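# Overview (structure and organization)
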Amino acid sequence: MSRTAHRLIGPEEPLWAPHHPEADPVSMHTLGFWLYMMSDALIFAALFAAYAVLDHPYNAAGGPQIRDVVHPAGAFIQTIILFTSVFTYSLSMVGLKAGNRAFVIGGLLAAVVFGAAFLGLELRDFARLFAEGATPDRSGLLSIFFVLVAAHGVHMVFGILWMLVMMVQVAVKGFTTAVVTRLLNLRIFWMFQASIWVCIFVFVYLNGAYR
Amino acid sequence: MRADIIAAVNQGIIAIVQLRHRADFMRRRCGWLRLSPLALLASLSGCSGHQLRLLHPDGPIAATSLRLSVIDVLIMLCIILPTGIFVAISLWRFRAARKARYDPGFTHSVRLEVLMWGVPFAAVATLAYFSWRGVFLVNPYAPTALGQRKSLLAMPDRPGKANPLVIDVVATDWQWLFIYPDQHIAILNALRLPAGRNIEFRLTATDVVNDFYIPQLIGMIDVMPGMRTKDMMRADRPGVWQGFSADISGAGFSWMQFPTRVMTQAGFAAWVAKTQAVPTHLDYARFRSMARPTIDLGNVTQVFSAVQPHLFSRIVHAAMNGVTYTTPMFLTEHMRRDLARRVPYLSGYPHS
Amino acid sequence: MLVHLQGAWTPWLGRLTLSQIPYNSPIVLGAFVFALLMAVPIVALFTYYRRWGYLIREWITTLDHKKIGVMYIIIGLVMLLRGFIDGVMIRTQQLLADGPRSAAHLQAVHGYLPPFHFDQIYSSHGTIMIIFAVTVVLTGFQNIIVPLQIGARDMAFPYLNAVSLWLTAAGAALVMISLFVGDFSHAGWVGIIPLTELPYSPGVGVDYWDWALQLSSLGTTLGALNLITTIVMMRAPGMRWFRMPFFTWATLSTQTIGLTAFPVLGVALALLSCDRYLGTHFYTAGLGGNLMLYTDLFWIWGHPEVYFIILPAWGIMSEVIPTFSEKALFGYTVMVAATLSIAGLSWAVWLHHFFTMGAGPGVNLVFSVSTMLVGIPTGVKVFNWSLTLYRGRLRFETPMLWAIGALFLLLVGGLTGMMLAIPAINYTVHNSVFVVAHFHTMFLVSVFGIFAGLMYWFPKVFGFRLDEHSGRRFFTFFSLGTVFVFAAMYILGLMGMTRRLDYLYDPHWQPLLIIQEFGIFLYCVSVFYFCKMIYVSIRDRAKEAHGQDVWQTSRTLEWMTQTPVPFYNFAVIPVVHGRDAWAMRRDSGLTATSPDQYEDIHLPNNTIVPALLGGLAFGFGFGMVWRIWWLAGFSLLGIIGLVILRSFADDKGFTLKAAMVRRMERNHEDTGIMTDHISPPVAELMLFQ
């Protein structure tokens, strides 16, 4: 066996990397944001798991069953609205490629409006349930129903807040690296919330109503 | 009612006195050993040998656990001892001052790497086999260890139709109630069992999770509110063992031990007959007042006759429907302050 | 109010009243005096030497990963001391409260602690040791060492790194303040359900525990994504995956666990908060709740957390043992595979924490086998370390002593761990002190690893060695204490002693309890030697000062930098030619820290925002605990507003000119110290200039 474990560095080999390019900030932030989305996905995974555990007639504790509280038709309208919001956000990305500030802001504004409409419908749905006496403290089943849907709603609120901030930043700062990175990551965030909503729509609303 | 309380208090005093006797006995017998460095050895042998409860099982369930432990430790020692010795020898041989053979190139060896994955794998495979045997042997719902073993290697039979004695166990905050539903009797904070007969426990709690445990007889099983767990066991011989509550459940948890008296079949029958004659009855209303948070200082025991039928499922369903026994502030947050004023719970809240 | 609260509530102070300050408890008062005695001299010294400005400019506002790491370690060590004192109090209570005739002191029934106070102490002991001591110190090491080991100037997101630190600090501060204002949880560090529900824990203790954990787990999640991005994106040229130092691999595995496991803890705790604040029924026994849901969610995080704690410690051992064996790590590739498989398996074993919950034999068997599978890669690691020793040239300096100690502890922990993995055995010891002894053995592997790391890297970070003489005594007494306490505890477990007992029924346990207390005494002696070691080292720092590579046989890139490490880490990013990059350079006779050609270095400015965010997070937590809604609301709005504000102020950063770098590097080589004290300015202060 050799005296040393490794070879020696020859005189011709470079030792230093002057002007070593730092990691590209856009791709670095994007990776970081994807990792954050992964942790967010785990939050929803845990919530869906809790829903699966508590989605049993027993967990209704004599109160309303899940089919009594969900209205898939209303949720379908919400789905369409949310996807329109995602679509308009994607349009603003087209504007970003063209470097058109007004286009981007317009797309964001539309996404905000549709997102707010989605939240409005959700709140109306909640108000109706509260009026019917189906409140989160009625049973374990309703607890997880409200918390799961509301957790998604809170993410939506933050998404809308973020979009409002970005509208101002696009207007004030233009397309700096930081602003573009944020717009790209917000797109991931917004699409992710839409896909979470699809899961809620399928597993809670459709599965709950037509089981 | 008043008579009950007096009887209960008397029993509690007797229990305390008995404990003191045991403690004195211990002191006399071990005396100087208690403070000596040899106490470790003493506690391992002779003087308090049978205090190593897990190594002196008195029933098939605990015996099975012990047997598996021994097998496990032996198998693991086959790996761990040589490794430890190898490390120790290496530390000695290859210390820099000794100028032993130095080979910095020795950093990789396929043969050794196959071995280092293979040996643990073999050990885990063997242990997995015993784990598989074990989960059925002491399966709380139907432990095959209670059945007959045909040979050393064969799996024992299922417990069969041995007509087990059913005991309903209810953990309150912070007492144990043992109901004998077929005999319509119950006993608080103590357990009586016949030797040689299979026992089936059905367990629930009123409020918070607890853990039922008699080291020499039966392993732990969680006791949960609104749910029923089961466990089965058999005691080999008459005697007194200590039952423990093993999972923290609040302020009174440390006093939730219950003496477990295993009697001969005849003795047990006599005790049942005697208990069936006591004037204190137990219905759900009485249970509710009893189940209020109580710290059982001094192990106050009490027996009941004419226990309401299906009391156990009534308790389970009550918990399922949201019946709770709220812990008052002075048993938690303000305990420090209120203890200074010696609030009544010390003398048996809320009975006094 | 959505839920029924016992006790008073007012809009301005929430549940906070004067009576919540336990001034009449002699023990808490003693703790308060002790804390004052610790804090007053520090405050006085800072004021006397007029160092507050320095503290804020150079530390509170810093984005330098090394300083952040040092602050993590300081927080962790302070919490370690607090957790240790808790441990001493637990053991002493059990010694004094053994047997029905045991005396009562102060206001207790037996011993000197009433049950509820005792319950708080073991709960805070567990919470602090796991979440705020070991986790935090190890995060500190990863923060300091990983960027250096991969040849980077800083973390991927330096600002986020500071936010993580201050969130952790806010959580730790909540735990600490619970000592003096109100109470801490009494339901164990795991928060046993439904004991943590409002009817059974009517006070604020559980809320303290809940929010402290939430804040620090948020910090840990953000830290995890930061470290992963750093390792993936910021490696020096030539640093291929399988050239990464082993500690970096351990960090990558650890932080992957952290990123995926901590959100689950967040959910488990958030649902508990819903129960306690909104009256929902997630974990209640009645009305459709499911208390096993909490236990599952908690341990789905809880078991990966165990590996979150132990993998970095194994990483440290894998750096220390090769250095002091003068040999590369044996079976590097296999070690990486073993670490990754442990990280993967950590997700599949959680149910072994509650075999006794009444699951059927099939379920228990699956988790039993998956648990035992973890033993295979763990065994592989032990074999690799022992083969690294084999045919090495071993020097037993303090870091090596700790690493070897950890190795032997791991053997004991492995033996008992395999016992516990078998449900049939687990039933008999599940909640006994046997289990307590087992997981303390495993956590002590981590603690030994921490001390190995502390002794090993301290000279790199501060430029002088820790005193070897008291360091050895520290090790000796700590190890002896471990033996006495935990050998006795294993035997007590076999005697049937269960966990968390305020009053012990059986007087037969007394001899072993005395042995334990003797071990505790040895631990106390070791703490004295630790303090002495720090004091002597600082006093003699000029004597113990040294150059870039104090151990002469270290192998990884962090030893190539100047000592102490300048804030830009590497004047010029090095090229990596193989595994153990520094050992290769040293053996080739190339020990220069930088070439003759320098370049401008660009780094972010310091900023006060992360510390403010931490302060607001503390305010939010405190407001939620006491249900002071206005405080919680304003803090939350403050956090959101500050984040938005910061996103508008794009940090242009700070550029260090090549000429300045040259001067600093040359000065350093000549004098061995940083003569020009330069670090990035505070961004907010620049607004006023």
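Parameters at a glance
- Residues numbered from 1 in each chain as written.
- Chains lettered and ligands numbered in written order.
- Predicted model: local features only at pLDDT ≥ 70, side-chain atom pairs only at ≥ 80, totals over all residues.
- Helix = DSSP H or I, 4+ residues; strand = E, 2+ residues; numbered from the N terminus.
- Buried ≥ 20, exposed ≤ 12 C-beta atoms within 10 Å, placed from the backbone.
- Contact = placed C-beta atoms within 7 Å.
- Nonpolar A, V, L, I, M, F, W, Y, C, P; charged D, E, K, R; others polar.
- Expected span 1.5 Å × (residues − 1).
- Domains from an automatic or database assignment.
- Pairing = 2+ DSSP bridges.

### Digging into the overall build of chain B
- What chain B contains, in helices and strands, is 8 helices and 12 strands.
- Relative to its 352 residues, chain B shows a buried fraction of 44%.
- For chain B, long-range pairs separated by at least 24 residues make up 71% of all intrachain contacts whose partners lie at least 6 apart in sequence.

### Some thoughts on the interface of chain B and chain C
- Taken together, the contacts link 105 residues of chain B with 99 residues of chain C.
- Here the residues of the side of chain B that touches chain C are counted per class, giving 62 nonpolar, 28 polar and 15 charged.

### As for helix H14 (residues 468-494) of chain C
Residue and element names in this part refer to chain C.
- Spanning 27 residues, H14 covers 39 Å between terminal C-alpha atoms, matching the ideal 39 Å at 1.5 Å per step.
- Counting buried positions along H14 gives 19 out of 27 residues, so the element sits mostly inside the fold.
- At the exit of H14 stands glycine 496, carrying a positive phi of roughly 90 degrees.

### Let's talk about the domain arrangement of chain B
Residue and element names in this part refer to chain B.
- The assigned domain composition of chain B is domain 1 (2-51), domain 2 (60-146) and domain 3 (165-346).
- If you average the C-alpha positions of domain 2 and of domain 3, the two centres end up 41 Å apart.
- In this complex, domain 2 contributes 9 residues to the contact, which on the side of domain 3 involves 12 residues.
- Considering only residue class, the side of domain 2 that touches domain 3 consists of 8 nonpolar, 1 polar and no charged.

### Thoughts on the pairing of strand S4 (residues 191-194) of chain B
All names here are of chain B.
- Judged by which residues are buried, S4 turns out to be covered on both faces: Leu191 and Leu193 on one side and Arg192 and Pro194 on the other are all buried.
- Both S4 and strand S10 (residues 258-263) contribute to a ladder of 4 bridges, which runs parallel. Its bridge partner lying in S10, arginine 192 is registered against arginine 261.

### So, the sheet that holds strand S12 (residues 302-307) of chain B
Residues and elements named next belong to chain B.
- Spatial strand order, S8-S5-S1-S2-S3-S12-S11: 7 strands in an open sheet with mixed pairing. Here the strands that pair on one side only, and so sit at the sheet edges, are strand S8 (229-233) and strand S11 (281-282).
- When strand S1 (residues 165-171) meets strand S5 (residues 199-205), the two strands line up parallel, connected through 7 bridges. Residue pairing across strands places alanine 171 opposite alanine 205, the latter belonging to S5.

### Focus: unusual backbone geometry
Residue and element names in this part refer to chain C.
- Backbone torsion omega between isoleucine 193 and proline 194 reads 0 degrees, so that peptide bond is classified as cis.
- With respect to the secondary-structure elements, proline 194 resides in the loop between helix H5 (158-177) and helix H6 (205-233).
- Look at the link from threonine 563 to proline 564: it is a cis peptide, with omega at -10 degrees.
- A positive phi is found at aspartate 580, a non-glycine position, where the angle reads about 50 degrees.

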